[in-house]
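Working through the structure, step by step
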Amino acid sequence: MVYRYESDEDAFLEYPKPGSALTGPGAATPPPAGPSPSRFPTPSLPPARPARPAGDAARAPAPPAPTPGRPAPPREPSPVPQPAPPVPQPVPAATARPTVPVPASPNARTGDVPDPQRTRHTDRRRGGRVWQTLIGGAAVLLLLSLTGLAVAALLDERATTPPAGQPTPQPTVEESVAPSGSDLDSRDTDQAALTAKEVFPAKSLVVTDGKAAYRVLKTQASADCASAATGEIADLLVRLGCNQVVRGTLRSPDGEHLLTAGLFNLTDVASAQRVRDRIRPLLDDRQGRFRGMKADDDTEAVEKAAARVGWQVRGHYVAYCLVTRADGERIPTDDATAREIMYDLIELHLNRGVLDRRAAGGTAGQPTDGPTEDSAGQRGSDD
C-alpha cells in the first residue's frame, strides 16, 4: 500500500496497490472503468443502520466529530415518521334511543373513514323509509277494503233488481189515521164558518146509491141559534156558545114526510156534549123544542105538527133532524120510516158527508163515530 500526501488539499489519501484488497474502515469499491475520475474520488460509505423509533432519536448519541485529515462520516438519513395508530373515540352515554357503536372501518374503495354524523343521518333515512312502507301498506289495505265494499253493494243491488220484463213492485203507502174529531174538536182548529151550500149543495139529496133522493125545499144559515129552537133548549144553545145554525127543509122520497135537519156550531166538543145531554130532559119536561122551518104553505106541518127528533154530536157540532107527517097527523113512536129518515140525514149525510169532507181538509181518512143519535118526540106548536 502506498500513501501519498497532498499538501495543496491538506488531505491524506490512501491508494491501494494493484491487486491488493482494501481492508479497514476506509475500504471502497474500485472506480468504474471509463473516463478518468475526479481527482477527489468519492469515499465509500458505511452500511446503513436500522431506523430507530421517534422516541429514541433524542437519546441517540451525537455523531463523532470529524478527525483532521480524514473525511467526515456521512450522516444517517432521518427516519420517516410512521402514522400514529387511530385513537378510539369515546362512546357517548346511553340515550332514549340507544345505538350500537359500529367501529369505523375504512372504505375499501376510497380508504375514507365513515363519519358518525353521516351514519346517524343514514339511519334516520332508513327509519323514514320503514314508516313510509308501513303507511303505504295501510293505505293499500284501506283501498282494498273500500273496493270490496263497493263490489258487495253492487252485487247486492244487482241481486235486488228484478230482471228485465218483470214488473217492479211498487211500495205500499199507508195513510195514517187521525183520532176521531182531531180537527173538529174546537172552533180554534176549525175556524171556517159553515155555509148553506156546504151542507145542502143541490136541490136533491142522494144519501145512498140506488135509493131515491130527498128534495131540498129550503135552506138557511143564521147566526141566531135561538131561531131554530124554543124555550130552555134555545137558552141552552146560546149559553154554551152556539154562534151559527145551518138548516134545510126537505121532503122524503115517498112524499109522505117533511123534515128539517141541520148543524149547530158550538164552541168545542165539551159544550156540544153538554147540549146533547140536556136535550132529552128538556123535551120530556116540555121546556122547549126544535122548530121546523116551513118552505111554503104546503109545508106548514113541519113547523106546527108533533114530530120525532133525533140528534148526535160530532166534534164541536150538534147535528139534528125532526120528522113530521106531511098531512099534519101525529107520528107514531114506532114509525120505521121516521127512524130511517133520521138515520139518513144525521148519520149518512151530515156526519159522513158534510163533516167528513170538512175534516178531510186537515187530515186524511178520519173515521166517523158509530151512530149515537138520540131521538124523542116533541109536541106540536101552540101557535
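Just above, that's the structure.
Rules and cut-offs
Residues numbered from 1 in each chain as written. Predicted model: local features only at pLDDT ≥ 70, side-chain atom pairs only at ≥ 80, totals over all residues. Heavy atoms only, no water. Axes fitted to C-alpha atoms, helices over the stretch in contact; angles between N-to-C directions. Helix = DSSP H or I, 4+ residues; strand = E, 2+ residues; numbered from the N terminus. Parallel < 35°, antiparallel > 145°, perpendicular 65-115°, else oblique. Left-handed = near helix turned anticlockwise from the far one by under 90°. Contact = heavy atoms within 4.5 Å. Nonpolar A, V, L, I, M, F, W, Y, C, P; charged D, E, K, R; others polar. Salt bridge = Lys/Arg side-chain N within 4 Å of Asp/Glu carboxyl O. Buried < 20%, exposed > 50% of the residue type's maximum accessible area, 1.4 Å probe, protein only. Polar contact = N/O pair within 3.5 Å; in protein donor to acceptor, adjacent residues only side chain to side chain. Disulfide = S-S within 2.5 Å. Phe/Tyr/Trp six-rings, centres within 6.5 Å; stacked < 30°, edge-to-face > 60°. Core = buried A, V, L, I, M, F, W, Y, C linked by side-chain atoms within 4.5 Å. Pairing = 2+ DSSP bridges. 1 Å grid on protein atoms, 1.4 Å probe; cavity = no way out; pocket = protein on both sides within 12 Å on 5 of 7 lines; lining within 4 Å. Points joined across faces, edges and corners; volume = space filled by probe spheres on them. Arc of directions from axis to C-beta.

The interhelical angle for the contact between helix α3 (residues 231-239) and helix α4 (residues 269-284), taken along N-to-C directions, is 165 degrees, at an axis separation of 9 Å. In terms of axis orientation, α3 runs roughly antiparallel to α4. Crossing of α3 over α4 shows right-handed handedness. On the side of α3, the interface is formed by E232, I233, L236 and L237, while α4 contributes V275, R278, L282 and L283. Classifying every residue of the contact of α3 with α4 by side-chain character gives 6 nonpolar, no polar and 2 charged.

Any two side chains of opposite charge can pair, so long as their charged atoms come close to each other. In the structure shown here, the tally under the stated rule is 9 salt bridges. The residue R358 makes a salt bridge to E198 at a minimum N-O spacing of 2.9 Å. Here R358 is found in helix α6 (residues 336-360), whereas its partner E198 is found in helix α2 (residues 196-199), with 160 residues between them in sequence. Given the relative accessible area of 14%, R358 is considered buried. Residue classification places E198 among the partly exposed residues on the basis of a relative accessible area of 21%.

The next point concerns the side chain of N351. You can see N351 is positioned in helix α6. For N351, the side chain forms a polar contact with the side chain of R314, separated by 2.4 Å.

Applying the stated criterion across every chain, the model contains 1 disulfide. Put simply, C225 and C242 are joined by a disulfide, and their sulfur atoms are 2.0 Å apart. One quick way to see it: the torsion about the S-S bond of C225 and C242 is about -75 degrees, and its sign makes the bridge left-handed. Placement of the pair is C225 in the loop between β4 (214-222) and α3 and C242 in the loop between α3 and β5 (244-251), with a sequence separation of 17 residues. What makes C242 buried here is its relative accessible area of 10%.

Moving on to the packing of aromatic side chains. One pass over the full model with this rule turns up 3 aromatic pairs. Taken together, the aromatic side chains of F264, F290 and Y320 make up a single cluster linked through ring pairs.

The next subject is unusual backbone geometry. Residues other than glycine seldom take positive phi values, yet R286 does so here, at roughly 55 degrees. The topology assignment puts R286 in the loop between α4 and α5 (301-304). A relative accessible area of 61% places R286 in the exposed class.

On to the nonpolar core, then. Most often, soluble globular proteins have nonpolar side chains that are buried together. By size, the foremost hydrophobic cluster in this structure holds 30 residues, and its most contacted members are L237, F264, L266, V275 and F290. Elements with a minimum of two residues in this core: α3, β6 (257-265), α4, α5, β7 (307-314) and β8 (317-325). Among the elements that line this core, the one with the most residues is α4, at 5 residues. For L237, the residues in contact, after removing those within four places along its chain, are C225, A229, C242, F264, L266 and V275. In terms of nonpolar packing, the next biggest core, distinct from the first, is built from 26 residues, L205, L259, I341 and L345 among them.

Attention now moves to the environment of E303. Mapped onto the elements, E303 comes out in helix α5. Each C-alpha atom of the pair E303 and T260 lies 8.9 Å from the other, and the pair is 43 residues apart in sequence.

With respect to the helices and strands, D224 occurs in the loop between β4 and α3. Spatially, the C-alpha atoms of D224 and V238 are 8.5 Å apart, while their sequence positions differ by 14 residues. There is a polar contact of 3.2 Å between the side chain of D224 and the backbone nitrogen of A226.

With antiparallel pairing, the 7 strands of this open sheet are ordered in space as β3-β4-β5-β6-β8-β7-β9. Only two strands of the sheet have a single partner each, and these edge strands are β3 (204-205) and β9 (374-378). Against the sheet, α4 touches β7, β8 and β9, its axis set at about 160 degrees to β7.

What follows deals with empty space enclosed by the protein. To find the voids left in a structure, one rolls a probe of water-molecule size over its atoms. Throughout the structure, instances matching the rule amount to 1 cavity of 30 Å³ or more. As a volume, the largest cavity reaches approximately 30 Å³. Elements with a contribution of two residues or more to the lining of the largest cavity: β7 and α6. Residue contributions to the lining of the largest cavity peak at 4 residues, all from α6. Taken together, the residues that form the lining of the largest cavity break down as 5 nonpolar, 2 polar and 1 charged.

For the rest of this paragraph, the subject is the pairing of β4. Both β3 and β4 contribute to a ladder of 2 bridges, which runs antiparallel. Of the residues in β4, the one forming a bridge with L205 is Y214. Pairing analysis gives 7 bridges linking β4 to β5, with the strands arranged antiparallel. Bridge assignment links R215 to a residue of β5, and that residue is R251.

Attention now moves to α3. Within α3, the full set of buried residues consists of I233, A234, L236 and L237. Projected onto a plane normal to the axis of α3, the buried residues spread over an arc of 160 degrees and lie on a single side. Of the surrounding elements, those touching the buried residues of α3 are β6 and α4. Where α3 ends, the next residue or the one after it, G241, has phi of about 95 degrees, a positive value.

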